[in-house]
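Spelled out from the first residue to the last, the chains are:
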Amino acid sequence: MKTVSIINLKGGVAKTLTTVSMAYALSQQYNARVLVVDNDKQGNCSKTFGVHSYDRMSIADLMLDRDADLGEVIQHTKYDRIDVIPANMTLLTANMQVMMDSSRPQQTRLRTALRKVADLYDYCLIDCSPSVGLLLTNALAAANEIIIPMQAQPFSVVGMSQLTSSIANVQRKINPGLRVKGILLTMTEHTNVSDHYCGQVRSTYGNKIHVFTTEIPRNVKVQESQANAEPTILYDPKSNSAKAYIEFAKEVSGYGREEQVFERDEDALNR
């Protein structure tokens with residue numbers, strides 16, 4: 001099972017949309033078995049897949065109980081080959097309780113849990129909240145790769161230095177095999193401003209971090225699909241954003257035009 005964390009410390013950059021779209025594209029286009037981990041207390045990923053609830057076990061139970069039954073935590077969805085470990089607001093309380101619990105390792109609880117089901121899935125996609133802390137560390141510790149969605153707009157790089165520092169710290173202390181797969185430009189438009197910031201991201205980070213060839217355009221169908229709690233690719237397969245995410249899934253899975261894997265150590269991330 002390849003585990004990919006979708007992370008950016010800036011909100012509103014399409015992390016959840018990217019997670020949902022990747023899961024659907026990988027499962028439907030390549031018959032991959034996908035486990036989605038909702039690691040955000042807002043639970044938007046869980047809502048999209050129809051498994052958000054306060055009556056079911058969630059990722060909070062995994063974080064708090066080493067013996068939690070994964071069979072009860074993992075929820076099957078109506079989509080073939082997509083399962084979800086859901087989240088809700090109880091994750092906020094669980095996070096604080098884990099921080100006070102010194103009886104077992106705090107930073108690798110998610111990784112320990114996921115290892116129990118590693119043979120059942122081809123991909124595990126972790127949707128992360130835009131914050132630094134124990135939940136982010138657990139997501140980095142559990143992952144093989146990181147994808148960083150980044151909006152093509154002013155202040156798009158807010159939090160990047162803090163994020164790369166967190167990545168380097170986890171690489172050094174917990175997960176030396178962790179690597180950054182690349183930056184995904186999202187919400188692009190056919191405007192000079194959007195083109196300018198896309199070019200700026202590619203020129204600023206292109207020699208350090210792979211920037212995916214595929215860009216995800218801004219599209220009203222995205223908002224409509226989210227309102228209908230459906231993956232954009234299913235809601236309107238002909239939309240530009242749906243086509244872009246299908247192309248992006250090709251890059252991620254190795255069938256794309258430019259399969260490049262970024263792998264750097266702490267010095268490269270921060271130079």
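Each remark here, short or long, concerns the structure printed above.
The structure contained in this document is the topic of the report that follows. Just so we're clear, the structure is a prediction, and the values are computed from it rather than from any experiment.

## Considering the overall build of the protein chain
For step 1, the next point in the chain: Broken down by element type, the protein chain carries 13 helices and eight strands.
For step 2, the next point in the chain: By the compact-globule yardstick of 18 Å for 271 residues, the protein chain fits well, its C-alpha radius of gyration being 18 Å.
For step 3, the next point in the chain: The C-alpha extent of the protein chain, read off along each of the three principal axes, is 55 × 45 × 30 Å.
For step 4, the next point in the chain: Here the protein chain displays about 12,000 Å² of accessible surface, and carbon together with sulfur accounts for 46% of that area.
For step 5, the next point in the chain: Positive and negative side-chain charges of the protein chain, numbering 29 and 29 respectively, have mean locations separated by a distance of 3 Å.

## A closer look at the pairing of strand β2 (residues 34-39)
Remember that side chains alternate between the two faces of the sheet whenever the strand is regular.
For step 1, the next point in the chain: Counting buried residues in β2 gives six out of six residues, a clear majority hidden from the surface.
For step 2, the next point in the chain: Side chains Val34, Val36 and Asp38 of β2 all project onto a buried face; the interleaved residues Leu35, Val37 and Asn39 project onto the opposite face, where all are buried too.
For step 3, the next point in the chain: As paired strands, β2 and strand β5 (residues 123-128) are joined by six bridges and run parallel to one another. Bridging across to β5, Val37 finds its partner in Ile126.

## A closer look at the sheet that holds β5
For step 1, the next point in the chain: The sheet built from eight strands is open, its strands ordered β3-β4-β2-β5-β1-β6-β7-β8 with mixed pairing. Of all strands in the sheet, those bounded by a partner on one side alone are β3 (75-76) and β8 (211-217).
For step 2, the next point in the chain: Inspection of the sheet shows strand β1 (residues 2-6) paired to strand β6 (residues 145-151) by three bridges, in the parallel sense. Following the sheet pairing, Val4 is matched in β6 by Glu145.
For step 3, the next point in the chain: Contacting β6, β7 (179-188) and β8, helix α9 (residues 192-205) runs over the sheet at an angle of about 170° to β7.
For step 4, the next point in the chain: Sitting on the sheet, helix α12 (residues 240-253) is in contact with β5, β6, β7 and β8, with an inclination near 160° to β8.

## Things to note about the packing of aromatic side chains
For step 1, the next point in the chain: Tallied over the entire structure, the rule returns four aromatic pairs.
For step 2, the next point in the chain: With a centroid separation of 5.8 Å and 90° between ring planes, the pair formed by Tyr24 and Tyr79 is classed as edge-to-face. Pair noted here: Tyr24 is in helix α1 (residues 15-29) and Tyr79 is in the loop between β3 and β4 (82-85), with a separation of 55 residues, a long-range link. As far as the burial class goes, Tyr24 and Tyr79 line up, both buried.
For step 3, the next point in the chain: Relative to Phe248, the ring of Phe212 lies with its centre 4.9 Å away and its plane at 90°, an arrangement referred to as edge-to-face. Note that Phe212 is positioned in strand β8 and Phe248 in helix α12, a separation of 36 residues in sequence. In terms of burial, Phe212 and Phe248 fall into one category: buried.

## Observations regarding the pairing of β4
For step 1, the next point in the chain: Neither face of β4 is exposed, since Ile82 and Val84 on one face and Asp83 and Ile85 on the opposite face are all buried.
For step 2, the next point in the chain: Here β2 pairs with β4 via four bridges, running parallel. Across the sheet, the residue bridging to Leu35 is Asp83, located in β4.
For step 3, the next point in the chain: Examined bridge by bridge, β3 and β4 share two bridges and lie antiparallel to one another. What sits directly across from His76, in β4, is Asp83.
For step 4, the next point in the chain: Count of turn residues in the β3/β4 antiparallel hairpin: five residues, of which Arg81 carries a positive phi of about 70°.

Conventions we followed
- Residues numbered from 1 in each chain as written.
- Predicted model: local features only at pLDDT ≥ 70, side-chain atom pairs only at ≥ 80, totals over all residues.
- Heavy atoms only, no water.
- Helix = DSSP H or I, 4+ residues; strand = E, 2+ residues; numbered from the N terminus.
- Rg over C-alpha atoms; globule rule 2.2 N^0.38 Å.
- Areas by Shrake-Rupley, 256 points an atom, 1.4 Å probe, with all protein chains shown as cover.
- Lys, Arg positive; Asp, Glu negative; His and termini not counted.
- Charge placed at Lys NZ, Arg CZ, Asp CG, Glu CD.
- Buried < 20%, exposed > 50% of the residue type's maximum accessible area, 1.4 Å probe, protein only.
- Pairing = 2+ DSSP bridges.
- Contact = heavy atoms within 4.5 Å.
- Axes fitted to C-alpha atoms, helices over the stretch in contact; angles between N-to-C directions.
- Phe/Tyr/Trp six-rings, centres within 6.5 Å; stacked < 30°, edge-to-face > 60°.

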